Amino acid sequence: MWRYLALVIVLASTVTLWPGIAARGEEPPIDLNDPAQVAEGQTTFNRTCTGYCHGRDGLQGRAPSLRGREDLSSEQIHTTISNGRRSAGKVMPAWKGQLDDQKIWQLTAFILSLREPH
Amino acid sequence: MKTCILSTLNSAALSLALVAGTVSIAVAQTDALRDDNPNNWPMYNRSFDSSRYSPLKEITKDNVKNLHVAWIHQPGAILQGLLETPLVIDGVIYSIASYDRVFALNAATGEEIWHYFPKLDDVANEIFFAPYSRGVAVAHGRVYIGTIDGRAIALDQKTGKELWQTKLTDPRKCAGCNFTSPPTVAGNLLTYGPTGGDIGDQGKIYGLDAATGKLVWAFETLRDDPKSWGGDSRRTGGGGAWMTGAYDPKTDTVLYGTSNPAPDFDWGGARPGDNLYTSGVVALDPKTGKPKWHFQEVPHDDWDFDGAAGEFLFVEKDGKRSIVHSNKGGYVYVYDAESGALQNAWPLADNITWLDGVDPKTGELKNRKAPKFGEKSYACPWIVGAKSWNTGSYSPDTGLWYQNVMEVCNIVEMDKSAPESIPLSALWFGGTPTAANPPGGPAYGHLDARDPLTGQRKWQIRTGMPMMGSLLTTASGLLFAGDLKGWAHAYDAKTGEELWKFNLGSGTRGGPVTYAVNGKQYIIFPSGLGSAAISLVAQIWPELTEYPAGAALVAFTLN
């Protein structure tokens, strides 16, 4: 019984100490390097995200530039697009519920591709 | 003989009754809203002529340098800054901030008398044209607002208690259409113009009974005519009239500048026809919503040059009244105030490349150069316009019209897309504009002093980043303007010489006002950077990306 309890305690603490384990275990449903997916993301980006916000192909607007952003991981990009962002006087809407998750991953792939100089 | 006397008496009685009826209607209209108290700022542009000119003279060119801060009011919501022009009536300020937070403040101390924070539908967090408001309207003992979730609301002027509300639009059903500007008081009617133009809706202008909030009429800004809207394009043709209208008591007419059609950029066949009544002016009978006259400044607009960004300045010269209205495309149109007949069209911007010119007698666009699908199309001015929605000011003392003008262009690349594919938080442009310099050199701004009827320029102040706040002139010869960095300025209205400046801390996109209470004159600057347009400004002036947002009414006075 004690061995069983110990096993439960170890497993429970594994999950609580590394809360991201279950989430991080998820792989994006698309290949983020696939040029076809990047192209889809670019189309969605230039249709949805530019105008008065991000600028064509991630050029600066009131939002900072998305070009050459080595500091943004795929998870951070996906989460920000999904949940939106508030930052002292500026807001980005949450796009989950408006764009399906595949489109959000395609946008992620496109923004990752902007790390390379255009 | 008897019959003659009786019929004469009857005619006289009828005439008397008609005169009395007319007088009582006129009295009701003037009681509803008046612009003849020099201490007040009772409506968005201060007076029915939209001049933003005050007769107050205590603050002069000599003592303006002695202005000090009297008080500051902070509404507590800074998202998209503070874009309003506050109203001041009989010592009380009526102010509106983000999330449609309404305040009544003591004009001498800035202390709150009451506030009203509407419970907004969650949709307000999703749609694009939010959460800002440019102002309220006050008349009939009520404060009227248009909300970002599509409602018209009336509050008791003394207590702020809600008296009625009417749902005019459902933003979820009209691609996010809502209200971001004050309604217009037209006698006992109240008119509302919604956002639209860059979204696939079918914009209307609404007329409400001011006492009850009941909808009396709705005018379709998209004319129901297949010649104007080919195929299915009218269903998602945009339109609307997103800035406050102008009521002319002399002709009992309400004027609106109409939004552009959707999609902004026509990739070819998106909306065949002239797309009436978009990108122009409509003059409506406020009792019925029927158009008295209209003029389409940009038929089949291919550049997002809506009429909504232009105010309606009424100017009288040699006994003749004219209406002066700027279109975002860079031309200013002069109309006869009685008939609406076009009198003149003159260029406000130095760089206008989307056509060769406008015929000043007919308004005909000469050799228009529409962007082409598959090309990078360069056009000046940019979609933000030669002048944005910030209002200018006209001084009857100098005879000059002051305006903040922008010399910025854009490169447009079109994308074909169905309106159903556009999420609620996005706009349906049909392409992307990227800000660009004009042909001659770097982009710049200029504050012009011009004759409003001829366009002749008397002087200009050139800046790098343009100023985009509304302007204010006073009878002591002062011109007040705020810039996007946060500086409030006072200039000599005759010469443009700077006489005073003050660092507000966050940029001015709204309108400074002046008023007097207890015999003392105050100037209020709304400080708080925001609005959609500044995102494109940042493409030319990237330092703006880091400029702070904020929201504060800063009041100045002399000792």
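Here the structure is shown first, and the text comes after it.
Predicted model, so just to flag it, every value in this text is computed and none were measured.

A. Inspection of the overall build of chain B at higher detail. Each helix and strand in chain B was counted, giving 2 helices and 38 strands. Since a compact globule built from 559 residues should have a radius of gyration of about 24 Å, the 23 Å found for chain B is in line with a globular shape. Projected onto its principal axes, the C-alpha coordinates of chain B cover approximately 80 × 65 × 50 Å. Per-residue burial over chain B gives 59% buried out of 559 residues.

B. Up close: the nonpolar core. Residues B:Y94, B:V136 and B:V537 are the most contacted members of the largest nonpolar core, which totals 183 residues. The biggest single contributor to this core is helix α5 (residues 101-113) of chain A, with 6 residues.

C. Expanded view of the sheet that holds strand β2 (residues 68-73) of chain B. Residues and elements named next belong to chain B. With respect to topology, 4 strands assemble into an open sheet ordered β2-β38-β37-β36, the strand pairing being antiparallel. At either end of the open sheet lies a strand with only one pairing partner, and these are β2 and β36 (513-517). Strand-to-strand twist in this sheet, taken as the mean axis angle between neighbours without regard to direction, amounts to 30°. Bridge count for strand β37 (residues 520-527) against strand β38 (residues 552-557) is 6 bridges, and the pairing is antiparallel. Residue pairing for β38: F525 is matched across the bridge by V554.

D. Expanded view of the sheet that holds strand β33 (residues 478-482) of chain B. All names here are of chain B. Judged by pairing direction, the sheet is mixed, and its 5 strands sit side by side in the order β1-β32-β33-β34-β35 without closing on themselves. Of all the strands in the sheet, the pair left with one neighbour each is β1 (53-54) and β35 (498-503). Pairing geometry for β33 and strand β34 (residues 487-492), over 5 bridges, is antiparallel. Within the sheet, the bridge partner assigned to F480 lies in β34 and is A490.

E. Representation of the interface of chain A and chain B. Of the residues lining the interface, 22 residues belong to chain A; the matching set on chain B comes to 24 residues. Elements represented by at least two residues in the side of chain A that touches chain B include exactly α3 (35-48) and β2 (90-92) of chain A. By residue number, the principal contributor to the side of chain A that touches chain B is α3(A), which donates 3 residues. Partitioning the side of chain A that touches chain B into residue classes produces 9 nonpolar, 9 polar and 4 charged.

F. Up close: helix α4 (residues 74-83) of chain A. All names here are of chain A. Considered for burial, the residues of α4 that qualify are I77, H78 and I81. The arc that holds every buried residue of α4, seen down its axis, measures 95°, which confines them to one face. Counted as exposed and oriented over 90 degrees from the buried face of α4: Q76 and N83. Against α5 lie the buried residues of α4. The first or second residue beyond α4 is G84, which carries a positive phi of 80°.

G. How the structure looks around unusual backbone geometry. All names here are of chain B. A cis amide bond links L276 to the next residue, Y277, at an omega of 5°. Among the secondary structure elements, Y277 is positioned in the loop between β16 (253-257) and β17 (281-284). Each neighbour pair has its own omega, and for C380 with P381 the value is -5°, a cis peptide bond. Along the chain, P381 turns up in the loop between β25 (377-379) and β26 (393-395). Despite not being glycine, D252 shows a phi value in the positive range, around 50°. Tracing the sequence through the fold places D252 in the loop between β15 (246-248) and β16. For H300, which is not a glycine, the phi torsion comes out positive at approximately 45°. Counting through the fold element by element, H300 comes out in the loop between β18 (291-295) and β19 (313-317). Using a count of 19 C-beta atoms within 10 Å as the deciding quantity, one classes H300 as partly exposed.

H. Layout of the environment of B:D36. Counting through the fold element by element, B:D36 comes out in the loop between α1 (2-32) and β1. Spatially, the C-alpha atom of B:D36 lies 10.0 Å from that of B:P55, the residues being 19 residues apart in sequence.

I. Just the pairing of β34(B), in detail. All names here are of chain B. Hairpin connection from β33 to β34: 4 residues lie between these consecutive antiparallel strands, with G486 at a positive phi of about 130°. By the bridge criterion, 5 bridges tie β34 to β35 in an arrangement that is antiparallel. By the bridge assignment for β35, Y491 is matched with E498. Turn length for the β34-β35 hairpin, with the two strands adjacent in sequence and antiparallel, is 5 residues, and the turn residue G496 shows positive phi of about 85°.

J. Here's a closer look at α3(A). Between its terminal C-alpha atoms α3(A) stretches 20 Å, which fits the 20 Å expected from 14 residues at 1.5 Å a residue. Those residues of α3(A) lying buried are A:Q37, A:V38, A:G41, A:Q42, A:T44, A:F45, A:N46, A:R47 and A:T48. Among the structural elements, α5 of chain A together with β29 (431-436) of chain B are those in contact with the buried residues of α3(A).

Conventions adopted
Residues numbered from 1 in each chain as written. Chains lettered and ligands numbered in written order. Predicted model: local features only at pLDDT ≥ 70, side-chain atom pairs only at ≥ 80, totals over all residues. Helix = DSSP H or I, 4+ residues; strand = E, 2+ residues; numbered from the N terminus. Rg over C-alpha atoms; globule rule 2.2 N^0.38 Å. Buried ≥ 20, exposed ≤ 12 C-beta atoms within 10 Å, placed from the backbone. Core = buried A, V, L, I, M, F, W, Y, C linked by C-beta atoms within 7 Å. Pairing = 2+ DSSP bridges. Axes fitted to C-alpha atoms, helices over the stretch in contact; angles between N-to-C directions. Contact = placed C-beta atoms within 7 Å. Nonpolar A, V, L, I, M, F, W, Y, C, P; charged D, E, K, R; others polar. Arc of directions from axis to C-beta. Expected span 1.5 Å × (residues − 1).

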